[in-house]
Amino acid sequence: MHEYPYERPVVADTIKGMGMKKRLLHIITGPRQVGKTTAALQVAEKWRGPVVNSSADSPLPQGPEGIQAQ
Ligand SMILES: Nc1ncnc2c1ncn2[C@@H]1O[C@H](COP(=O)(O)OP(=O)(O)OP(=O)(O)O)[C@@H](O)[C@H]1O
Ligand SMILES: [Mg+2]
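Definitions and limits used
- Residues numbered from 1 in each chain as written.
- Chains lettered and ligands numbered in written order.
- Predicted model: local features only at pLDDT ≥ 70, side-chain atom pairs only at ≥ 80, totals over all residues.
- Heavy atoms only, no water.
- Helix = DSSP H or I, 4+ residues; strand = E, 2+ residues; numbered from the N terminus.
- Buried < 20%, exposed > 50% of the residue type's maximum accessible area, 1.4 Å probe, protein only.
- Contact = heavy atoms within 4.5 Å.
- Areas by Shrake-Rupley, 256 points an atom, 1.4 Å probe, with all protein chains shown as cover.
- Lys, Arg positive; Asp, Glu negative; His and termini not counted.
- Charge placed at Lys NZ, Arg CZ, Asp CG, Glu CD.
- Arc of directions from axis to C-beta.

Asks: For the overall build of the chain, give the residues involved together with the corresponding values.
Replies: Looking only at helices and strands, one finds three helices and zero strands in the chain. Listing each helix as α and each strand as β along the chain from the N terminus yields α-α-α. For the chain, the spread of C-alpha atoms along the principal axes amounts to about 30 × 30 × 25 Å. Of all 70 residues assigned to the chain, the portion counted as buried reaches 10%. Sequence separation of 24 or more characterises 59% of the internal contacts of the chain that already satisfy a separation of 6 or more. Roughly 6400 Å² of accessible area belongs to the chain as shown, and the carbon and sulfur atoms make up 58% of that amount. Here the chain contributes 9 positive and 6 negative side-chain charges, whose respective centroids are spaced 10 Å apart.

Written out as structure tokens, the structure is:
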């Protein structure tokens, strides 16, 4: 389990949104290196449900079958 010195408000906001009755897709966007991946990992740590973690920003993009496998 990671320990981060700071937690952006988007972490709590996202968890709150994910817990709502209407199930929506949550997309975290922003400039480079602002902490998007860290925030997503913090959400995953706190979420009391199943988590699938897959990176899609490798230099060689995975094909549609990679997404399907997830
Ligand atoms: N909440 C935080 N507390 C401390 N350090 C952080 C936090 N969020 C991010 N960082 C640091 O800032 C750097 C960038 O974080 P991260 O990789 O999460 O950003 P990103 O937005 O996903 O970047 P990229 O656009 O390259 O994908 C990393 O070194 C990470 O450790
Ligand atoms: Mg990232």
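Asks: Just give me the short version of the side chain of Thr14, but keep the residues and values in it.
Replies: Structurally, Thr14 is set in helix H1 (residues 9-18). Once residues lying within four places of it in the same chain are set aside, the contact partners of Thr14 are His26, Ile28 and Val43.

Asks: Before we move on, can you summarise H1 with the specific residues and values?
Replies: Listed in full, the buried residues belonging to H1 are Val11, Thr14 and Gly17. Down the axis of H1, the buried side of the element spans an arc of 135°, and every buried residue falls inside it. Facing away from the buried side of H1 by over 90 degrees, the exposed positions are Pro9, Asp13 and Lys16. Residues of H1 that are buried in the fold lie against helix H2 (36-46).

Asks: Quick one: what's the story with H2, residue by residue and with numbers?
Replies: Along H2, the residues classified as buried are Ala39, Gln42 and Val43. Projection of H2 onto a plane perpendicular to its axis shows the buried side chains occupying an angular sector of 100°, all on one side. If you follow the buried residues of H2, they end up packed against H1.

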